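Read off the chains here:
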There are 2 protein chains.
Amino acid sequence: MTHSEDTRTLADVDEQELLDTVLPRFATSDDVLIGPGDDTALLQVRSGAVLATTDTMVLGRDWLDEWSDGADVGHKLVVQNVADIAAMGGRCTGLLVTLVADERTRLQWVADFTTGVADAARDAGTVVVGGDLSSAPAGTRTVSITAFGELDGVTAVLRSGARPGDVLAVHGTLGRAAAGLLLLQSGTPDRDTDLVLAQRRPSTASEQGPVAARAGATSMLDISDGLLRDGGRIARASGVRLDVDPAALAGDIQALTGAVGAADAEACVLAGERNTACWPPSRLAWCRRVGG
Amino acid sequence: MTHSEDTRTLADVDEQELLDTVLPRFATSDDVLIGPGDDTALLQVRSGAVLATTDTMVLGRDWLDEWSDGADVGHKLVVQNVADIAAMGGRCTGLLVTLVADERTRLQWVADFTTGVADAARDAGTVVVGGDLSSAPAGTRTVSITAFGELDGVTAVLRSGARPGDVLAVHGTLGRAAAGLLLLQSGTPDRDTDLVLAQRRPSTASEQGPVAARAGATSMLDISDGLLRDGGRIARASGVRLDVDPAALAGDIQALTGAVGAADAEACVLAGERNTACWPPSRLAWCRRVGG
């Protein structure tokens, strides 16, 4: 990404110019009956009910401009919202995007953020249906998404469905984004290694949510606060205890040991939780009954 | 509202204690298939499509703690979102509520905000279905709502439907919240006069949106940026010019003249737009064809 020569800030453009920068970057779909520009959006809902969730990222807490550019932030914001839809067994059908920013925010940052949102939305098979722009006092920049989804005939998979005898499973690897954050905190100059990219631009296999639901997952959630904490949420909601097999995590730990050392590798895999400027990539954890 | 003896801040409670403060204040409804507490909410949609809109308020820009308490902020946030649903001809069916606040925020403020949201939601016939809590750097406090709605068989009324010969109509009075803001800015000690309450706790006759839609409104929007600016949005979207009759506004201007003087009264009625700590109450404007 180049930051080109555009040094204008939000103070240099009016709302219409800003919308002209933002809106053309968003695709649409047949399900969007009314898109951005009116008092509300109108989104088709084919299955009689809509999934809805919202997540916010705050400058200085969830990202730092030194480590993540606008496209990174837009990308991550989409991924973590889409992951919440997937964690119910659903498919994302639309996004509302909110930007709250002080007037010293560079227009180029907004353009990059918009591009990151649009690209990640396309990757997830969804579109932006509307949103909100708001100015803020100096130093404040927050971005939010509300994501909508449908279950397409799947029964929603709650946190509370786990039962004794179920198997705990995680899709994908654990700890990589937390390890990437450690590398950034230790001053790594390279922002484009795999681990740092896992922190800056996490991915989620959102199609695996419906797959797990159809395969009989009894309980599911998006791991954004680390395996131990989010696993604990399944345990509490379901009234069960989780028995985590260390051997099942050894590969993930081993894969990070070279980059951050054995102790930090284990901590990243088990607890890689939300820290300042760290939102680990979303991973789905679910329980499935394997016995009678 | 009393601020009681509770001097705790968000730094003194964990997320679960905070949720225990917030969630019991919210009612539910039969349309909420899955409410707060899981990865997403699931909201019944009976008419095949969902209206969706989002609006944010920012401390220091959209309200000042000196003038508005937490309940005022929660109330206003609900009203302005519900008004956007009404301005399409819809009925609000659910709300997602987001609070982004630094840890010095008083727990009592959060409780008051929650009460304001819950009370205004009940008044509007809707409920909170979920939301997000996020910490923020010192001095930052923003609140957002995403509102959902249904059209119940009404055709959505866009901004773009006005045609030459239509009559421009406004429900309710204009300028009262802007006049209330002027009084606050001039140092009025009384926060409970009608005009100041119009600023702190605006009301909207949200049921009038569907009424106007069924009566044949060709174009409609929620006036939150003043009659001239929001009327201009209808004009631009519809490709028409609006001919505003001064005589029709004389009563609203006259009603404010005693409190703020003739010149400011006229400015409030015509332009009462969004200023720091000012979000005028939502009024619906619509156009209706009266000739062949």
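Residues numbered from 1 in each chain as written. Chains lettered and ligands numbered in written order. Predicted model: local features only at pLDDT ≥ 70, side-chain atom pairs only at ≥ 80, totals over all residues. Heavy atoms only, no water.

Some thoughts on the environment of Arg 229 of chain A
Residues and elements named next belong to chain A. Selection criterion: Per the convention used, a helix needs a DSSP run of H or I reaching at least four residues, while a strand needs a run of E reaching at least two, with both numbered from the N terminus. Any residue under 20% of the maximum accessible area for its type is buried, any over 50% is exposed, and the rest in between are partly exposed; the area is computed with a 1.4 Å probe on protein chains only.
For Arg 229, the position within the fold is in helix α7 (residues 227–238). When its relative accessible area of 39% is taken as the criterion, Arg 229 is described as partly exposed. Separated by 41 residues in sequence, Arg 229 and Leu 270 have C-alpha atoms that sit 8.8 Å apart.

Quick notes on the relation of the copies chain B and chain A
The two chain copies are connected by a rotation around an axis plus a translation along it. Quick reminder of the rule: When the copies are superposed, the least-squares fit draws on C-alpha atoms of residues that have pLDDT of at least 70 in both.
Once chain B is rotated about the relating axis by 180° and shifted along it by 0.0 Å, it coincides with chain A to within an RMSD of 0.0 Å. Here the symmetry operator amounts to a two-fold rotation axis.

Some words on the packing of helix α8 (residues 246–260) of chain B against helix α9 (residues 262–271) of chain B
Residues and elements named next belong to chain B. Quick reminder of the rule: For every element, the axis is a line fit to its C-alpha atoms; helices are fit only across the contacting stretch, and the angle between N-to-C directions ranges from 0 to 180 degrees. Angles below 35 degrees are treated as roughly parallel, those above 145 as roughly antiparallel, those between 65 and 115 as roughly perpendicular, and all remaining angles as oblique. Left-handed describes a crossing in which the near helix is turned anticlockwise from the far one by less than a right angle; the clockwise case is right-handed. By definition in these notes, contact holds between two residues if any of their heavy atoms fall within 4.5 Å.
Contact geometry for α8 and α9: axes closest at 7 Å, N-to-C directions at 130°. Compared by their axis directions, α8 and α9 come out oblique. The handedness of the crossing between α8 and α9 comes out as right-handed. On α9, the residues that touch Leu 249, Asp 252, Ile 253, Leu 256, Thr 257 and Val 260 of α8 are Ala 262, Asp 264, Ala 265, Glu 266, Cys 268, Val 269 and Leu 270.

Notes on the sheet that holds strand β2 (residues 41–44) of chain A
Strands belonging to one sheet form pairs held by backbone hydrogen bonds; the direction of such a pair is parallel or antiparallel. Here is the rule we go by: For two strands to be treated as a pair, DSSP must find no fewer than two bridges joining them.
If you trace the six strands from one edge of the open sheet to the other, you get β1(A)-β2(A)-β3(B)-β6(B)-β4(B)-β5(B), paired in mixed fashion. Every interior strand has two partners, whereas the edge strands, β1 (32–34) of chain A together with β5 (128–135) of chain B, have only one. Recorded for the sheet is a direction-independent mean angle of 25° between the axes of neighbouring strands. Summarising the sheet, β1 of chain A and β2 of chain A pair through two bridges and their orientation is antiparallel.

Section: the UniProt feature "binding site: Mg(2+) 3" (unreviewed entry) in chain A
Operational definition: UniProt positions are given in the numbering used here, feature names are shortened, and annotations may be inferred rather than shown by experiment.
Under the UniProt annotation, the feature "binding site: Mg(2+) 3" (unreviewed entry) is placed at Asp 39, Asp 84 and Asp 222 of chain A. Spatially, the listed residues are scattered: they cover 184 residues, and their C-alpha atoms lie as much as 31.8 Å apart. Note that Asp 39 of chain A resides in the loop between β1 and β2. Filtering out sequence-adjacent residues up to four positions away, Asp 39 of chain A remains in contact with Thr 53, Asp 84, Ala 87, Met 88, Arg 159, Met 220, Leu 221 and Asp 222 of chain B. Assignment of secondary structure puts Asp 222 of chain A in strand β8 (residues 217–223).

A word on the UniProt feature "binding site: Mg(2+) 4" (unreviewed entry) in chain A
The criterion, for reference: Contacts described as polar in this section are N or O atom pairs within 3.5 Å, which, within protein, must combine one atom able to donate a hydrogen with one able to accept it, while residues neighboring in sequence count only if both atoms come from side chains.
Following the UniProt record, one finds the feature "binding site: Mg(2+) 4" (unreviewed entry) at Asp 39, Thr 53 and Asp 84 of chain A. With the annotated positions falling across 46 residues, the maximum pairwise C-alpha distance of 26.2 Å shows that they are not confined to a single cluster. Its relative accessible area of 5% is what places Asp 39 of chain A among the buried residues. Within polar-contact distance, the side chain of Asp 39 of chain A engages the side chain of Arg 159 of chain B at 3.4 Å. In this structure, Thr 53 of chain A sits in strand β3 (residues 49–58). What makes Thr 53 of chain A buried here is its relative accessible area of 5%. Among residues more than four places away in sequence, those in contact with Thr 53 of chain A are Asn 81, Asp 84, Ile 85, Ile 145, Thr 146 and Ala 147 of chain A together with Asp 39, Thr 40 and Leu 96 of chain B.

Examining α9 of chain B
Residue and element names in this part refer to chain B. Going by this rule: To obtain the arc, one takes the directions from the helix axis to the C-beta atoms.
Turning to α9, its buried residues are Ala 265, Cys 268 and Val 269. All buried residues of α9 fall inside an arc of 90° around its axis, so they share one side. Elements that come into contact with the buried residues of α9 comprise α4 (176–185), α7 (227–238) and α8.

Details of the pattern of salt bridges
Convention followed: Between Lys or Arg on one side and Asp or Glu on the other, a salt bridge is scored when a side-chain nitrogen of the former is within 4 Å of a carboxyl oxygen of the latter.
This structure, assessed with the given rule, holds 34 salt bridges over all chains. With its nearest N and O atoms 3.3 Å apart, the salt bridge here joins Asp 119 of chain A to Arg 122 of chain A. Placement of the pair is Asp 119 of chain A and Arg 122 of chain A together in helix α3 (residues 107–123), with a separation of three residues, close to one helical turn. The class of Asp 119 of chain A is partly exposed, set by a relative accessible area of 31%. A salt bridge links Arg 104 of chain B to Asp 102 of chain B; the nearest nitrogen and oxygen atoms lie 3.8 Å apart. The network of salt bridges with common partners includes Asp 69, Asp 72, Arg 191, Asp 192, Arg 200 and Arg 201 of chain A.

So, unusual backbone geometry
The phi torsion at Asp 152 of chain A lies on the positive side, around 50°, for a residue other than glycine. Looking at where Asp 152 of chain A falls in the secondary structure, it is placed in the loop between β6 (141–150) and β7 (166–170).

Overview of the sheet that holds strand β4 (residues 91–101) of chain A
In space, the six strands of this open sheet follow the order β5(A)-β4(A)-β6(A)-β3(A)-β2(B)-β1(B), with mixed pairing throughout. Looking at which strands have only one partner, the edges of the open sheet turn out to be β5 (128–135) of chain A together with β1 (32–34) of chain B. On average, adjacent strands in this sheet sit at an angle of 25° to one another, irrespective of strand direction. Here helix α2 (residues 70–86) of chain A sits on the sheet in contact with β3, β4 and β6 of chain A, set at roughly 145° to β3 of chain A.

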